[in-house]
Protein chains: 2
Amino acid sequence: MEKVREIVREGRRVAKEDPRRVVHSFKVGLVLALVSSFYYYQPLYDSFGVNAMWAVMTVVVVFEFSVGATLGKGLNRVAATLFAGGLGIGAHHLASMSGATGEPILLAIFVFVQAALSTFVRFFPRVKARYDYSLLIFILTFALISVSGFREEQVVMLTHKRISTVIIGGLSCVLISIFVCPVWAGQDLHSLLASNFEKLSFFLLDFGDKYCEVVENDDTKEVDKRKKDFDNYKSVLNSKSNEESLANFAKWEPGHGQFRFRHPWKQYLAVGELIRQCAYRIHALNSYLNADNKVSIDIKKKLGEPLRRMSLESGKAMKEMSISLKKMTKPSSSDLHVQNARSASKSLTNLLNSGILKEVEPLELVSLLTAISLLIDIINLTEKILEALHELASAAKFKNKIEQPLFSEKPKAKSFVSLRSIKCHDEHVVTIIEDDGNNHGTSKNDNRSKEVSIHEKHEDGDTHVHARCVSCGHSSVCDVVECR
Amino acid sequence: MEKVREIVREGRRVAKEDPRRVVHSFKVGLVLALVSSFYYYQPLYDSFGVNAMWAVMTVVVVFEFSVGATLGKGLNRVAATLFAGGLGIGAHHLASMSGATGEPILLAIFVFVQAALSTFVRFFPRVKARYDYSLLIFILTFALISVSGFREEQVVMLTHKRISTVIIGGLSCVLISIFVCPVWAGQDLHSLLASNFEKLSFFLLDFGDKYCEVVENDDTKEVDKRKKDFDNYKSVLNSKSNEESLANFAKWEPGHGQFRFRHPWKQYLAVGELIRQCAYRIHALNSYLNADNKVSIDIKKKLGEPLRRMSLESGKAMKEMSISLKKMTKPSSSDLHVQNARSASKSLTNLLNSGILKEVEPLELVSLLTAISLLIDIINLTEKILEALHELASAAKFKNKIEQPLFSEKPKAKSFVSLRSIKCHDEHVVTIIEDDGNNHGTSKNDNRSKEVSIHEKHEDGDTHVHARCVSCGHSSVCDVVECR
C-alpha cells in the first residue's frame, strides 16, 4: 500500500515537472488506438491484412517526446525501409535464379554480409550520432524481406504493403506530434540555454555578498529560496548530453514559432559549452566559500568593493544574456556589464598592487588569490560567452533591442521621479530621472554632458539604466528598483 | 572515389580502435543468418510459420555490443513479452464477452489506456534508466496481441508462438554473445577506470617539471609521445555517461573472469566521479602552464623542489592505483605516495610562511598561488580517491599485494646490486640493496635500524622501493630504474 502511494507521489512529481509529459502519453494512446483500427475495419484489413501490424509497430517505436525526434526517427525508418526493401527484392531476384538448392545458401550469405557490414558501419561515430536507427531498420527490413520472400511468392506485393503501412504509421505519428500540442526540441534547447544563463547569474549575483559575509536578509523563506537558486548552477555541469541530443533532434524540425528551418542550432552548442566551462569555474569558486583556510574579514572588507562588483556585474551580464536570449534580441546591454566587471577587476588589481597583501598570512593568501583568479577567469569567460552569443544573434537574425531615445525632448514635469545618482570616476554625478509611464531617460548634469539610456523593463520588474559619462568615458549600469 | 577512400580509411580507424567491433559485426551476421534458417527449413517453418519473423526481429534489436547490454535487453524483451502476452489474452477475453459491437470499442479503450499509462511511466527516471526497453516492448506486444486477437481466433496459440520465437531469438543472441569472443561491459568499465587513473598520472608526473621549466628530453619522438600522454586527461572530463551505461550493463552480467556476479559496480561509479573531479582541477591547472601572468623563473626555482614533489608523488599515487586496480590487488603502496605528497605540501607551506613571497608581484602571486592551491586540492582529492578505492578493494575482495619479507635472511653476496641511497630528514642514509632475481629488500644501515620493503616489479619495468627510517619515522619512495 505504501509502495502504491509512493508510485502515485512519484507520478505526480514527474507530471508536475513537465505537464507536457501527460499530454504526450495521451497522444501516444490516441494514435495507437487509431492505427489499430486497421484491424477492426474490414475494408482496411482487406487491403493490408497482417501487414497492418507494421503500422502499430511503427507508432510504438517512432513516436517520441519531441517533434524533432519523432520526425527524425520516422524519416529514418521510412527511408531505411524503402532502401532495404529495394535491395531485398534485388537479393531475392538474384537468389531465385540460382535454383532450389542455391537459393537458401545465397540468401543466407546475403543476410550475413549485409548484417555484418551494417553493424560495423554503426560503429562510425558520425553514423552513430544521426543514422543509428536507420541502419537498425535497414538490417531488419532487408532480412525480413529477402528471407520471407523465399516463402511468399509475391515479394513485391509484400514489400509494397510493408512500406505503405510503415509510411501510414510514421505519418500519423508525425502529424499528431506536430499538430496536437507540439513539443519542439528546438524550443526546449533555446529555453535550456536561457535557463542555464540564469542559473549562473543567480550564483554570481549573490556570490560577492556571501564571500564578503555581508549580512543577509532575515526572511528565512527568502533566504531558503535564494540558497536553492544559488546551488542551481550544479545542474549546468552535466547538461552536455542533453543539449547535444536536443540539437540533434532540432535539426529535423521544420520552422516553428520564432525559429526558421535552418536555425543555427550548432551555435547553441558552442554557447552551451562555454557556459559549462564557466560553471566548472563557479563550482571551484563555490568550494572557497566554505574553505578551511578562512580569509579574515578584515582583508575581505578591504577588497570587498571591487570583488563584489566583479561578481555582481558578471552576474548581471549573464542575467541580461538570459533575458535577451529568451526575447531573441541582441544582447547589447551585456557589453556594458562586462565592461564594468573588467573595470572592477582593474581596480582590484590596482588595490593588490598597492601593497595591501603585505600583512596577509600566506595560507589566507592562497585561498584569497585563488578565489580572485577564478573570478577573473569567470569574467574572461563571460566575455567569450557574450561574443559567442553575439555570433549566435547575428546568425539567427535576432532583433535589435528597442532602445529609447537618449534624451526625451521635454519631460512632463509632474511625473518626474528622481531615481538614482550614479557617480563616475571623476565624481561627475548623473542623476537619472524617469518619466513614469514611458520609460524615457534623461539626466540632470552638474555641469557637463552625460549620456543616459533607459532600457525597457525586464520580466522581473526591474528597470535597468545605463548611463555613460561623456566627459570621462566611464559607464555605469544600475538597477532601478523604486519606481513610483 | 575520394569519398570511398575516406570511408575505407574511417573504417580502418574504427576497427583499429577496438578490433572487437569487427568480431561483433561477424557475430551479428552469423546469428541473423542462423535464425533466418527458420524460414528455409520446412520442419521449423511448419511449426512457427510467419511468426518466425519475430525471432529475426529479436536478434536485430537485442544483439548489442557487450554481454551485459544483450542480456539486459534480452531479459527485458522476454519478460515484457510474457507479461504483455498474458495481459493481452486477458483483455481479448474480456472484450470478446461484450458482443460484436462492443468488442472493437473495448479493445480500443484498452489499447489507449495501456499505451498512455505505460508511456507516462517511461518518464519516471528510475524506470527510464533500467526498464525503458521493457515498457516499449510491453506496449507493442499488448497492442499486437489484443488487437490481432480480434482477427485470429487462436489468440493463445499466437501468443505462445510469439513468445517462443522471441525466446529463441533472444537466447541465440545471449549464447553467442557469451560464448563467442565475449565483450564484458564489467571488464570494460574496470579497464576504463584503470586507464583514467593512468591518464591523470601522466599529467601529474610531468606537470612539476613543465611548470618549473626544467629542460626536457631532446628526443623529439619521446617529447611528442609525452605531450600526447600529457593531454590525455581531457578524455576523462566527459567519461561520465560512458561509465554509467557500462555500469548499468555490467549489473546484468554473470560472473566472468575475476568478477563475481554481484561485483560492486556502483562503487566504480563513485571512484570514477572522484577521478573526474580531480580531472576538472587538472584542467584548470593546465591553463596555468601557459598563463598570461607568467611567474618568474626565480620564484619558481625557490619553490620548485616541493612543488615538483607534490605533483610527482600524487602522480605516482595515481599510477600505483591504476596498477593495483588492473591487478585487482589492494592499493597499499599508494598510501605512502600520498603521505609524501602531503609532506611536500607541508614543506611548501613552510616555505611560503618563511616570507619568500614578500618580493613577488601581486599578479604573479595570483597565478602562482592559484596553481599551488589547485595542486593542494588535487592532493586532497587523491587521498579521497584512494579511500574510495580502498572501499572498492574491500567490497570487491581484492587480493593483498604479495609483499616480500622485510629483511631477507641471508642475501647472496654475489648478486647484490647497490641501487639507491635514500636520505631522510636527519640525514640517516638507507642504502637499498637488491638481490637481482627475487626482489628481496634489505638495508645497510649507518648505525640505526631502518625498514625497507621492495614491491614487485611493475608492468613498466620499474621497481618501486619503499623505505621507512625507523629512527625518525620519515618514509620515502623511490623508483629503481637501473637494475643489472
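- Chain A goes by Aluminum activated malate transporter family protein in an unreviewed UniProt entry, where it is assigned to Arabidopsis arenosa.
- Its UniProt record, at the heading Subcellular location (unreviewed entry), says of chain A: "Membrane".
- The UniProt entry for chain A carries this comment under Sequence similarities (unreviewed entry): "Belongs to the aromatic acid exporter (TC 2.A.85) family."

1. Concerning the interface of chain B and chain A
Now for step 1: Each side of the interface is counted separately: chain B has 69 residues, and chain A has 69 residues.
Now for step 2: For the pair chain B and chain A, the two sides together bury roughly 6,500 Å², of which 75% comes from carbon and sulfur.
Now for step 3: Counting across the chain B and chain A interface gives 0 salt bridges.
Now for step 4: Between chain B and chain A we count 4 residue pairs in polar contact (both at pLDDT 80 or more) in total.
Now for step 5: Here the side of chain B that touches chain A gets 11 residues from one element, more than from any other, and that element is helix α8 (residues 125-151) of chain B.

2. Notes on a nonpolar patch on the surface
Residue and element names in this part refer to chain A.
Now for step 1: Judged by side-chain polarity, I167, L171, L175, F179 and V180 come together as a nonpolar surface patch covering roughly 460 Å² of accessible area.
Now for step 2: The residue I167 is located in helix α9 (residues 155-179) in this model.
Now for step 3: I167 gets classed as partly exposed once you look at its relative accessible area, which sits at 37%.

3. Considerations on helix α10 (residues 185-211) of chain A
Now for step 1: Here α10 of chain A spans 38 Å end to end across 27 residues, near enough to the 39 Å set by a 1.5 Å rise per residue.
Now for step 2: In terms of burial, α10 of chain A is largely enclosed, as 20 of its 27 residues are buried.

4. Structural notes on the side chain of S373 of chain A
Now for step 1: If you trace the backbone, S373 of chain A turns up in helix α17 (residues 362-395).
Now for step 2: Given the relative accessible area of 4%, S373 of chain A is considered buried.
Now for step 3: Once residues within four sequence positions are removed from consideration, S373 of chain A is found in contact with Y288, V366 and T370 of chain B.

5. Observations regarding unusual backbone geometry
In terms of backbone geometry, most residues other than glycine have negative phi values and most peptide bonds are trans.
Residue and element names in this part refer to chain A.
Now for step 1: A positive phi angle is found at C181, which is not glycine, with a value near 40°.
Now for step 2: Mapped onto the secondary structure, C181 falls in the loop between α9 and α10.
Now for step 3: Judged by relative accessible area, which is 47%, C181 ranks as partly exposed.

6. Observations regarding the relation of the copies chain B and chain A
Each copy of the chain is related to the other by a rotation around an axis and a translation along that axis.
Now for step 1: Each copy superposes on the other: chain B lies on chain A with an RMSD of 0.1 Å after a rotation of 180° and an axial shift of 0.1 Å. Those values place the two copies in the arrangement expected of a two-fold rotation axis. No C-alpha of chain B lies nearer the rotation axis than that of T370 of chain B, which sits 2.3 Å from it.
Now for step 2: Both copies share a contact surface, since 100% of the interface residues of chain B are interface residues in chain A too.

7. Observations concerning the pattern of salt bridges
Residues and elements named next belong to chain A.
Now for step 1: By the definition in use, this model includes 42 salt bridges over all chains.
Now for step 2: Linking R281 and D377 is a salt bridge whose minimum nitrogen-to-oxygen distance equals 2.8 Å. One end of the pair, R281, is in helix α14 (residues 265-287); the other, D377, is in helix α17, with 96 residues separating them in the sequence. In this structure, R281 and D377 share a single accessibility class: buried.
Now for step 3: Where salt bridges share partners, they join K240, E243, E244, E273 and R276 into one cluster.

8. So, the packing of α17 of chain A against helix α17 (residues 362-395) of chain B
Now for step 1: Orientation of α17 of chain A relative to α17 of chain B, taken along the N-to-C sense of each, is 105°, at an axis distance of 8 Å. Taken together, α17 of chain A and α17 of chain B sit at an angle that is classed as roughly perpendicular. Contact with α17 of chain A, carried on its side by L365, V366, L369, T370 and S373 of chain A, involves L365, V366, L369, T370 and S373 of chain B of α17 of chain B and no other residues of that element.
Now for step 2: Residue composition of the contact of α17 of chain A with α17 of chain B, by class: 6 nonpolar, 4 polar and no charged.

9. Thoughts on helix α14 (residues 265-287) of chain B
Now for step 1: In this model α14 of chain B runs 34 Å from its N-terminal to its C-terminal C-alpha over 23 residues, within 8% of the 33 Å that 1.5 Å per residue would give.
Now for step 2: In terms of residue burial, α14 of chain B counts as a mostly covered element, since 17 of its 23 residues are buried.

10. Here we look at the packing of aromatic side chains
Residue and element names in this part refer to chain A.
Now for step 1: One pass over the structure, following the stated rule, counts 19 aromatic pairs over all chains.
Now for step 2: Between F259 and W265, the aromatic rings sit 5.3 Å apart at their centres with planes inclined by 45°, giving tilted as the arrangement. An identical accessibility class is assigned to F259 and W265; each is buried.
Now for step 3: Here R162 stacks its cationic end above the ring of W54, 4.0 Å away from the centre of that ring.
Now for step 4: One residue, K300, lies across the ring of Y211, its end atom 4.5 Å from the ring centre.

11. Remarks on the state of the cysteines
Two cysteines joined by a covalent bond between their sulfur atoms form a disulfide.
Residues and elements named next belong to chain B.
Now for step 1: Under the counting rule described, the total for this entry stands at 0 disulfides over all chains.
Now for step 2: With no disulfide of its own, C173 lies 16 Å from the sulfur of C181, the closest cysteine sulfur.
Now for step 3: The exposure class assigned to C173 is buried, which follows from its relative accessible area of 0%.

The rules we used
Residues numbered from 1 in each chain as written. Chains lettered and ligands numbered in written order. Predicted model: local features only at pLDDT ≥ 70, side-chain atom pairs only at ≥ 80, totals over all residues. Heavy atoms only, no water. UniProt positions renumbered as here; feature names shortened; annotations may be inferred. Contact = heavy atoms within 4.5 Å. Buried area = accessible area lost by both parts, 1.4 Å probe. Salt bridge = Lys/Arg side-chain N within 4 Å of Asp/Glu carboxyl O. Polar contact = N/O pair within 3.5 Å; in protein donor to acceptor, adjacent residues only side chain to side chain. Helix = DSSP H or I, 4+ residues; strand = E, 2+ residues; numbered from the N terminus. Patch = residues over 30% accessible without salt bridge, like charges linked within 9 Å, V, L, I, M, F, W, Y side chains within 5 Å. Areas by Shrake-Rupley, 256 points an atom, 1.4 Å probe, with all protein chains shown as cover. Buried < 20%, exposed > 50% of the residue type's maximum accessible area, 1.4 Å probe, protein only. Expected span 1.5 Å × (residues − 1). Least-squares fit on C-alpha atoms with pLDDT ≥ 70 in both. Axes fitted to C-alpha atoms, helices over the stretch in contact; angles between N-to-C directions. Parallel < 35°, antiparallel > 145°, perpendicular 65-115°, else oblique. Nonpolar A, V, L, I, M, F, W, Y, C, P; charged D, E, K, R; others polar. Phe/Tyr/Trp six-rings, centres within 6.5 Å; stacked < 30°, edge-to-face > 60°. Lys NZ or Arg CZ within 6 Å of the ring centre and 35° of its normal. Disulfide = S-S within 2.5 Å.

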